[in-house]
Amino acid sequence: MEDAFNKIVSLAKRRGFIYPGSEIYGGMANTYDYGPMGVELLHNIKNLWWEHFVTKREDIYGLDTNILMNPKVWEASGHTASFTDATVDCKKCRQRKRADHLIEEYFEQKNKEVKVEGKTLEELDEIIQKEKIPCPVCGAHDWTPSRNFNLLFETSVGIVTGEKSHAYLRGEIAQGMFVNFKNVLDSLSPKLPFGLAQSGAAFRNEVTPGKFVFRTLQFNLSEFEYFFNPNKTSWEELYTYWKQEMWHWTTTMLNLKKSNLRWRPHTDEERSHYSKRTEDIEYKFPFGWKELYGLAYRTDFDLKNHREKSGVDLRATDPESGEKFIPHVIEPTFGMDRSLLAILCDLYAEEEVNGKKRTVLRLPPWLAPYQLAVFPLVVNKPDLVKKAREVFKLAQEAGYRIAWDDRGNIGKRYFAQDEIGTYHCITIDYQTLEDNTVTVRERDTMKQVRVNPAEFLNKGKEQYSPKGIIAT
Ligand code: GAP
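Residues numbered from 1 in each chain as written. Predicted model: local features only at pLDDT ≥ 70, side-chain atom pairs only at ≥ 80, totals over all residues. Heavy atoms only, no water.

Student: What's the story with the pattern of salt bridges in this structure? I'm lost.
Tutor: Pairing is possible between side chains of opposite charge, provided their charged atoms come close. Counted according to the given criterion, the structure contains 42 salt bridges. Put simply, R57 and D59 hold a salt bridge, and the shortest N to O gap is 2.8 Å. For R57, a relative accessible area of 18% gives the class buried. Put simply, R358 and D418 hold a salt bridge, and the shortest N to O gap is 2.7 Å. One end of the pair, R358, is in strand 19 (residues 356–361); the other, D418, is in helix 13 (residues 410–420), and 60 residues separate them in sequence. Judged by its relative accessible area of 1%, R358 falls in the buried class. The class of D418 is buried, set by a relative accessible area of 0%. Several salt bridges share partner residues, and in doing so they unite E113, K115, R262, R264, E270, D280 and E282 into one network. (Salt bridge = Lys/Arg side-chain N within 4 Å of Asp/Glu carboxyl O. Buried < 20%, exposed > 50% of the residue type's maximum accessible area, 1.4 Å probe, protein only. Helix = DSSP H or I, 4+ residues; strand = E, 2+ residues; numbered from the N terminus.)

If you want it as structure tokens, here you go:
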């Protein structure tokens, strides 16, 4: 499994999806940069999410709030006090580890699935001592006692030269929705229940390195807070509704295999300080079942605390009874980098074709960096190149995401496009000049058909949507 994962990491770098961060300076742990293919795939996932949960719904509004917020936000939200991981340091080699990861990875090696997130510092120490868990780097069993390590990234804001003011990079994007709740009520007067959504970067001072973009210092998060009146709407029903919607997104829009997905409820111990119920969708990554997304019932925890700490009335008014109340919130949250990683893991395949190995990323065409690639059969025949350029322009004007490739031979071009998940390849050859037909080759079946290019393109790019794939 680790071998399969290494191949995915290697393809990601080789074909321009994901590069190690600051690589020419030796890198920086837990940071990665998206390359030309990766950024397209990431944008396609984020845009699809936005279109699905915001644009196409009447009850969810988008926001784009600041990464830097008044530090009082993080005090009111409980993050300065409770947004912590228990860490231990190896006294011999100074390696710092999250205590829960140290324990869980130790048991994983023994093929046992153990979850200890949320246990007290004393309970974690007891397990580490009882099992005599060694340091994964130097092998010594000489750990400091567990201590709480806050995940918020601290920074300074210089207001006047010489004076510094303390601030944090946002640890979750949800707080931007809570602090703007009143602004949205005042400016749009939306009817409850409604949601506020955003997509953006969040930052966490993660100590555990490794696992590629699964756990990074900066990551892309898309989530919404769905506000409702608890006297009018049952939270259990809403929770079930959003659970089904999240599953639909994961299995239909992202197209991930159901056999690699499961729901896992959080235990009372591991649940975040703000939540009354949390369940994760877990994905079976090559390194084990891990959290992909989360669904939490945050009650009125955030609005209540912000109301108390800011002194601003964050209640809504029931239009029928005139009753004032603090709305409750259900929060579906989606890690975008983890979505991308799960897609790569789900759809990476190696096959043997006529004695040659091909690597293919079976990306859904609505997410692939390119839906189409256009090739002239050979590059030194101006008529072919001219015709291929015409087809390329036609496809571009029709709004397809399209690649031009005229390097190497056709076989090599097909294999290169397969590796980045391009769905169809269109080749312009000598016959095109006679009867204006082109060869269209489909990625997964490798089936080739001769068609009129305009007719093929006229089928419309919406054919590459989750509703149905274009038929050649
Ligand atoms: N507002 C709720 C919230 O932030 P979370 O479970 O802490 O909840 C949400 O994070 C999602 O963000 C997770 O389900 C996961 O997909 C992603 N995520 C969390 N930490 C991450 C990290 N360090 N690197 C990459 N993705 C991360």
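Student: Teacher, can you tell me more about the site of the ligand here?
Tutor: In the vicinity of the ligand, 20 residues are found, and the nearest of them are E172, R204, E206, E291 and L292. Between R338 and the ligand, the recorded distance is 3.5 Å, taken from a side-chain N or O atom to a nitrogen atom. The fraction of the free accessible surface of the ligand (550 Å²) that becomes covered by protein chains is 91%. At the level of elements, strand 11 (218–228), strand 14 (288–299) and strand 17 (328–335) are the ones that each hand at least two residues to the shell around the ligand. No other element matches the 5 residues that strand 14 contributes to the shell around the ligand. (Near = heavy atom within 4 Å. Polar contact = N/O pair within 3.5 Å; in protein donor to acceptor, adjacent residues only side chain to side chain. Areas by Shrake-Rupley, 256 points an atom, 1.4 Å probe, with all protein chains shown as cover.)

Student: Before we go on, may I ask you to explain the packing of helix 2 (residues 36–55) against helix 11 (residues 336–347) in this structure?
Tutor: Two elements in contact, helix 2 and helix 11, have axes whose closest approach is 10 Å; the angle formed by their N-to-C orientations is 115°. Put simply, helix 2 runs roughly perpendicular to helix 11. For the pair helix 2 and helix 11, the crossing hand works out as right-handed. Residues G38, L41, L42, I45, K46 and W49 of helix 2 form the contact with helix 11, whose participating residues are M336, S339, L340, I343 and L344. Taken together, the residues of the contact of helix 2 with helix 11 sort by class into 8 nonpolar, 2 polar and 1 charged. (Axes fitted to C-alpha atoms, helices over the stretch in contact; angles between N-to-C directions. Parallel < 35°, antiparallel > 145°, perpendicular 65-115°, else oblique. Left-handed = near helix turned anticlockwise from the far one by under 90°. Contact = heavy atoms within 4.5 Å. Nonpolar A, V, L, I, M, F, W, Y, C, P; charged D, E, K, R; others polar.)

Student: Can you walk me through the packing of helix 2 against helix 9 (residues 235–253) in this structure?
Tutor: To characterise two packed helices, one gives the angle between the axes of the helices and the distance between these axes. Close contact between helix 2 and helix 9 brings their axes to 12 Å; oriented N to C, the two are set at 140°. Taken together, the axes of helix 2 and helix 9 are oblique relative to one another. The element helix 2 and its partner helix 9 pack so that their crossing is right-handed. Contact residues: helix 2 offers I45, L48, W49, H52 and F53, while helix 9 offers W242, E245, H248, W249 and M253. Residues belonging to the contact of helix 2 with helix 9 are distributed by class as follows: 7 nonpolar, 2 polar and 1 charged.

Student: What should I look at first to understand the pairing of strand 11 in this one?
Tutor: Remark: a regular strand shows side chains that alternate across the two faces of the sheet. Burial of strand 11 is extensive: 10 of the 11 residues sit out of reach of the surface. Two elements, strand 10 (residues 194–203) and strand 11, share 10 bridges in a ladder whose sense is antiparallel. Paired with G200 across the bridge in strand 11 is L221. Across 6 bridges, the pairing between strand 11 and strand 17 is antiparallel. The residue bridging E223 from the neighbouring strand is T333, located in strand 17. (Pairing = 2+ DSSP bridges.)

Student: Just to check I follow, could you spell out the sheet that holds strand 23 (residues 438–442) for this structure?
Tutor: Across the sheet, 5 strands lie side by side as 21-20-22-23-24; this open sheet has mixed pairing. Only two strands of the sheet have a single partner each, and these edge strands are strand 21 (402–404) and strand 24 (448–451). When the angles between neighbouring strand axes are averaged without regard to direction, this sheet yields 25°. Bridge count between strand 23 and strand 24: 4 bridges; the pairing is antiparallel. Bridged to V440 within strand 24 is V449. Strands in contact with helix 13 are strand 20 (372–376), strand 21, strand 22 (424–428), strand 23 and strand 24; relative to strand 20, the strand with the most contacts, it is inclined by about 165°.

Student: Please clarify how the state of the cysteines should be interpreted in this entry.
Tutor: One way to say it: the disulfide is the covalent bond shared by the sulfur atoms of two cysteines. Applying the stated criterion across every chain yields a total of 0 disulfides. Between C138, a cysteine without a disulfide, and C90, which holds the nearest cysteine sulfur, the sulfur-to-sulfur distance is 3.6 Å. (Disulfide = S-S within 2.5 Å.)

Student: Where do I start with helix 8 (residues 181–188) in this structure?
Tutor: For an α-helix, the turn length of 3.6 residues means that residues three or four places apart are oriented alike. Every buried residue of helix 8 is accounted for by F181, V184 and L185. Buried residues of helix 8, seen end-on, are gathered within an arc of 100° and therefore sit on one face of the element. Relative to its buried face, helix 8 has exposed residues pointing more than 90 degrees away, namely D186 and S187. On the buried face of helix 8, the contacting elements are helix 7 (174–179), strand 10, strand 11, helix 10 (301–310) and strand 15 (316–317). The first or second residue beyond helix 8 is S189, which carries a positive phi of 45°. (Arc of directions from axis to C-beta.)

Student: What exactly am I supposed to notice about the side chain of S275 here?
Tutor: Of note, S275 is situated in the loop between strand 12 (261–265) and strand 13 (277–285). A polar contact is formed between the side chain of S275 and the backbone oxygen of R277, at a distance of 2.9 Å. Engagement of the side chain of S275 in a polar contact is seen with the side chain of T278, the distance being 2.7 Å. Discounting residues that sit within four places of it in the chain, S275 has contacts with A296, Y297 and R298.

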